[in-house]
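Single-letter residue listing:
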Amino acid sequence: MGLLITINVLFMIFFFVIAYMSIRYFINQIEKYPRVTFEEVYNSKKLRQKYNIEDNKANPYDYGYNFKEIEYKSGKIQLYGWLIENKEATKTMIISHGRGVNRLASLQYLEMFKNIGLDKEYNFFIPDLRNSGKSDVAKTKMGYCFGQDIFHTMEMLNERFGKNNFTLYGFSQGGMGSAIASKMYVKALRKKGIVIDKLILDSSISNIRKRIKEDAKKRRVPKFIVSVIVRIFNLRVGSHLDKLRLSYLLKRIPTLIIQSKNDKATTYGMLMEEYNELAQNENIKLKVFEKGSHTRIYADPECKDEYVEAVKEFLTN
């Protein structure tokens, strides 16, 4: 009998250790990932292709834009970014990258704005959000903390440079962060006289809770562990997890959602579940592509012209 009790106790200890390790591992997968530096991109042909930047291009000047490097804080996190000022422009566009890349991934869109003749209509700011490029290593929490970074970016541009009218253009987790900044910081923005005029969300996470569960299912994580993970993550995001979905965050601000049916990271099906709750809202526009991939719709030659036209029409109407 004593031996049986000992075996059961050891089994329970083993079970809880494995469960604890599984929970910790999966939450780490959700909240953080390796920071990609500029040097890694410059020295890798594969990453340059992923970022869609040519070998001889490394900053906005190479795309015909004068710029200056800005450093600033998001809470205690040190951030960096490129500011491109046009003296006649009254609007400022913040282009926010997604998970596992840095601001170099946004350079290609500067070329797009020049080609469609909107390069003088905006000031541009291209940040390295936390855990990216030159900015501090930190947890991103699937775009939740990107929302904080984008808010502090607008705050900084307002206080230092007098910018108060913004368009937020975000990709993947940067798209979710842009949506979060527009909704969950609205009172703080209003107090500062800051207005978000429009949103463009390319390959954005559409529902963080469902995304966590989908990732867990792919990894065959047991349901009871997933339940614990969701509860813990909800606490990590201030008990706001149920609000971290496009059907809650959008509606008030004119928004263009861009999505590929081939996207394996932020799936078309999950987006459509959110969009169906928004479809009757005239402020929300959806542009779906049959081809292209996650955050690389513009980079696909078969999609490029149609992508450019959709962005131009949205911004000029």
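From a predicted model like this one, the values you see are computed outputs, not experimental measurements.

Draft legend 1. Region of the structure containing the packing of aromatic side chains. This structure, assessed with the given rule, holds 17 aromatic pairs. Consider the rings of Phe38 and Tyr42, whose centres lie 6.0 Å apart with planes at 70°: the pair is edge-to-face. One end of the pair, Phe38, and the other, Tyr42, are both in helix α2 (residues 38–42), 4 residues apart, so they sit about a helical turn from each other. Relative accessible area serves as the criterion here: at 10%, Phe38 is assigned to the buried category. On the basis of relative accessibility, which here comes to 29%, the residue Tyr42 falls in the partly exposed class. On the basis of an interplanar angle of 40° and a centroid distance of 6.4 Å, the ring pair of Tyr109 and Tyr307 is categorised as tilted. Of this pair, Tyr109 sits in helix α4 (residues 107–115) while Tyr307 sits in helix α12 (residues 304–316), and the two are 198 residues apart along the sequence.

Draft legend 2. Highlighting the pairing of strand β2 (residues 77–84). Across the 8 residues of β2, 8 count as buried, placing the element largely inside the fold. Residues Ile77, Leu79, Gly81 and Leu83 point to one face of β2 and Gln78, Tyr80, Trp82 and Ile84 to the other, with burial holding for every one of them. In this structure, the hairpin formed by strand β1 (residues 68–74) and β2 is closed by a connection of 2 residues, where Gly75 is found at a positive phi of approximately 65°. Note that β2 and strand β4 (residues 122–128) share 5 bridges and pair antiparallel. Pairing of Leu83 across the sheet is with Phe125, part of β4.

Draft legend 3. Structural detail: the environment of Ala89. Take Ala89: it is sitting in the loop between β2 and β3 (91–96). Put simply, Ala89 and Glu121 are 32 residues apart on the chain and 5.2 Å apart in space, counted from C-alpha to C-alpha. Ala89 has contacts with Lys120, Glu121, Tyr122 and Asn123, leaving out every residue within four places of it along the chain.

Draft legend 4. Seen up close, the packing of α4 against α12. Put simply, α4 and α12 touch, their axes get as near as 11 Å, and they point 70° apart. When the axis of α4 is compared with that of α12, the two are roughly perpendicular. For the crossing formed where α4 meets α12, the hand is right-handed. Across the interface between the two elements, Tyr109, Met112 and Phe113 of α4 pack against Tyr307, Val308, Val311 and Leu315 of α12. Of the residues assigned to the contact of α4 with α12, the class counts are 7 nonpolar, no polar and no charged.

Draft legend 5. Representation of the pattern of salt bridges. Enumeration over the complete set of coordinates arrives at 17 salt bridges. Taking the shortest distance from any N to any O, the salt bridge between Lys134 and Glu69 comes out at 3.1 Å. Pair noted here: Lys134 is in the loop between β4 and α5 (144–161) and Glu69 is in strand β1, with a separation of 65 residues, a long-range link. Here Lys134 falls in the partly exposed class, since its relative accessible area comes to 42%. Each of the salt bridges in this network shares a partner with another, and the network as a whole consists of Glu69, Arg103, Asp128 and Lys134.

Draft legend 6. Region of interest: the packing of helix α8 (residues 208–218) against helix α9 (residues 223–236). Put simply, α8 and α9 touch, their axes get as near as 11 Å, and they point 145° apart. Here the hand of the crossing between α8 and α9 comes out right-handed. Here Ile208, Arg209, Ile212, Lys213 and Ala216 of α8 lie close against α9, whose contacting residues are Val226, Ile229, Val230 and Phe233. Taken together, the residues of the contact of α8 with α9 break down into 7 nonpolar, no polar and 2 charged.

Quick notes on the rules
- Residues numbered from 1 in each chain as written.
- Predicted model: local features only at pLDDT ≥ 70, side-chain atom pairs only at ≥ 80, totals over all residues.
- Heavy atoms only, no water.
- Phe/Tyr/Trp six-rings, centres within 6.5 Å; stacked < 30°, edge-to-face > 60°.
- Helix = DSSP H or I, 4+ residues; strand = E, 2+ residues; numbered from the N terminus.
- Buried < 20%, exposed > 50% of the residue type's maximum accessible area, 1.4 Å probe, protein only.
- Pairing = 2+ DSSP bridges.
- Contact = heavy atoms within 4.5 Å.
- Axes fitted to C-alpha atoms, helices over the stretch in contact; angles between N-to-C directions.
- Parallel < 35°, antiparallel > 145°, perpendicular 65-115°, else oblique.
- Left-handed = near helix turned anticlockwise from the far one by under 90°.
- Nonpolar A, V, L, I, M, F, W, Y, C, P; charged D, E, K, R; others polar.
- Salt bridge = Lys/Arg side-chain N within 4 Å of Asp/Glu carboxyl O.

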